Amino acid sequence: MVDSSFATAAKKGNARRLFLLFVWCFSAFQMTKGATPKKAVTVPFSKNYMPTWSFDHIKYFNGGNEIQLHLDNYTGTGFHSKESYLFGYFHMHIKLVAGDSAGTVTAFYLSSNGNEHDEVDFEFLGNRTGEPYILQTNVFTGGVGNREQRIYLWFDPTANFHTYSVLWNSYLITFFVDDIPIRIFKNTENLGVKFASEQPMKLYSSLWNADDWATRGGREKTDWTKAPFVASYKGFHIDACDATLDDEYCETEGKKWWNQKEYQDLDAAQYRRLMWVHRKFTIYNYCTDKARFPKRPIECKVNKDA
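Under an unreviewed UniProt entry, the protein has the name Xyloglucan endotransglucosylase/hydrolase and belongs to Papaver nudicaule. The heading Sequence similarities (unreviewed entry) in the UniProt record of the protein holds the text "Belongs to the glycosyl hydrolase 16 family." Here is the UniProt Function (unreviewed entry) comment for the protein, exactly as written: "Catalyzes xyloglucan endohydrolysis (XEH) and/or endotransglycosylation (XET). Cleaves and religates xyloglucan polymers, an essential constituent of the primary cell wall, and thereby participates in cell wall construction of growing tissues."

The structure is reproduced here in structure tokens:
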């Protein structure tokens, strides 16, 4: 027969463990939820963007809430944001060129001007029919780049729209694919590595021919009999600090959601997903390229890139 006092204590112990487990799960849920970038609202292309070149190769649908970029053997096309921004959340829903896309590049990126420019790149490198797209990311700070990483995506990016986004604040730059972090670039100015913290950047996107390098190092050329190549876009909201009128304000203000504590680093769940991407889908990482970088770049260890 079990002693009644022991049974009572055991029940209390179980209750306490269950309570602590609930608190832990709730806290973990809150932490994950809090660290996920906010959802964007639907706005038409013309609210925040304008064509950059070859206006006749941009097609508009659904009242301007969706557009297509067209590439043929005459020209590609592109667009950019009307304003410049310093910190914020930048996203785009993109459906990439279907079929034989070898030689083509669809780009979505942030960039400032000048020789010592900052830049944050998504570049989607096309491939032969049936072969997977390659997503290349890169980060330039103070005019210094050569920080390429390449991954395969875990889905067909031509079948449906997927969300590609950048969270940029004074602490880090994080690349997301469908809210899954695929890369993080932390502010390591204390180690002597420049960070994108002072130069406002515009958003750009383009569809263009790069068959001199994009597919198998340029060995696979664009098949123009498959033209026009079409990439589709929607989701033109920008949630960021407009630096066009007052960039000093953007450098110092800290009240926006992307500067709050929960966005100054990834949480544990996000780091696990980042490591999953690195393990399963990474095909090139400058951090491990000893031929190019015999001395490992300083930021790689901090950024958990290898």
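Structure's up, so let's keep going.
Visitor: Is there a simple way to think about the side chain of aspartate 121 in this case?
Guide: Mapped onto the elements of the fold, aspartate 121 is located in strand S7 (residues 119-125). No salt bridge is formed by the buried aspartate 121; its nearest oppositely charged neighbour, arginine 183, is found at 8.3 Å. Among all residues touching aspartate 121, those that are not within four sequence positions of it are Phe108, Tyr109, Gln136, Thr137, Asn138, Phe140 and Phe175.

Visitor: What should I look at first to understand the nonpolar core in this one?
Guide: One broad rule of soluble globular proteins: the nonpolar side chains tend to lie buried together. Counting residues in each nonpolar core, the largest one holds 59 residues, and the members touching the most others are Phe122, Trp168, Ile173 and Tyr233. Here this core gets seven residues from one element, more than from any other, and that element is strand S5 (residues 85-95).

Visitor: Any chance you could explain the packing of aromatic side chains here in plain terms?
Guide: Aromatic rings in a pair are described by how distant their centres are and how their planes are angled relative to each other. Within this structure, the stated rule accounts for 27 aromatic pairs. Ring geometry for phenylalanine 122 and tyrosine 164: centres 6.1 Å apart, planes at 65°, overall edge-to-face. Of this pair, phenylalanine 122 sits in strand S7 while tyrosine 164 is found in strand S10 (residues 162-168), placing the two residues 42 residues apart along the sequence. For phenylalanine 122, a relative accessible area of 1% translates into the label buried. A residue is classified by how much of its surface remains accessible, and tyrosine 164, at 0% relative accessible area, is buried. Note on tryptophan 208 and tryptophan 213: the rings are 6.4 Å apart at their centroids and 50° apart in plane angle, and the pair reads as tilted. These aromatic residues form a ring-pair network of at least three members: Phe45, Tyr49, Tyr60, Phe79, Tyr233 and Phe236. For the cation-ring pair, lysine 234 lies above phenylalanine 161, with the distance from its terminal atom to the ring centre recorded as 4.4 Å.

Visitor: Which parts of the structure should I look at to understand the state of the cysteines?
Guide: Simply put, the disulfide is a covalent bond whose two ends are the sulfur atoms of two cysteines. Summed over the entire model, instances satisfying the criterion amount to one disulfide. Between the sulfur atoms of cysteine 287 and its disulfide mate cysteine 300 the distance is 2.0 Å. Taking the torsion about the S-S bond as the criterion, the cysteine 287 to cysteine 300 disulfide, at about -85°, is left-handed. Here the residue cysteine 287 occupies a position in the loop between strand S16 (282-285) and helix H5 (298-302), and cysteine 300 occupies one in helix H5, the gap between them amounting to 13 residues. Cysteine 300 shares its class with cysteine 287; the two are buried.

About the criteria used
Residues numbered from 1 in each chain as written. Predicted model: local features only at pLDDT ≥ 70, side-chain atom pairs only at ≥ 80, totals over all residues. Heavy atoms only, no water. UniProt positions renumbered as here; feature names shortened; annotations may be inferred. Helix = DSSP H or I, 4+ residues; strand = E, 2+ residues; numbered from the N terminus. Buried < 20%, exposed > 50% of the residue type's maximum accessible area, 1.4 Å probe, protein only. Lys, Arg positive; Asp, Glu negative; His and termini not counted. Salt bridge = Lys/Arg side-chain N within 4 Å of Asp/Glu carboxyl O. Contact = heavy atoms within 4.5 Å. Core = buried A, V, L, I, M, F, W, Y, C linked by side-chain atoms within 4.5 Å. Phe/Tyr/Trp six-rings, centres within 6.5 Å; stacked < 30°, edge-to-face > 60°. Lys NZ or Arg CZ within 6 Å of the ring centre and 35° of its normal. Disulfide = S-S within 2.5 Å.

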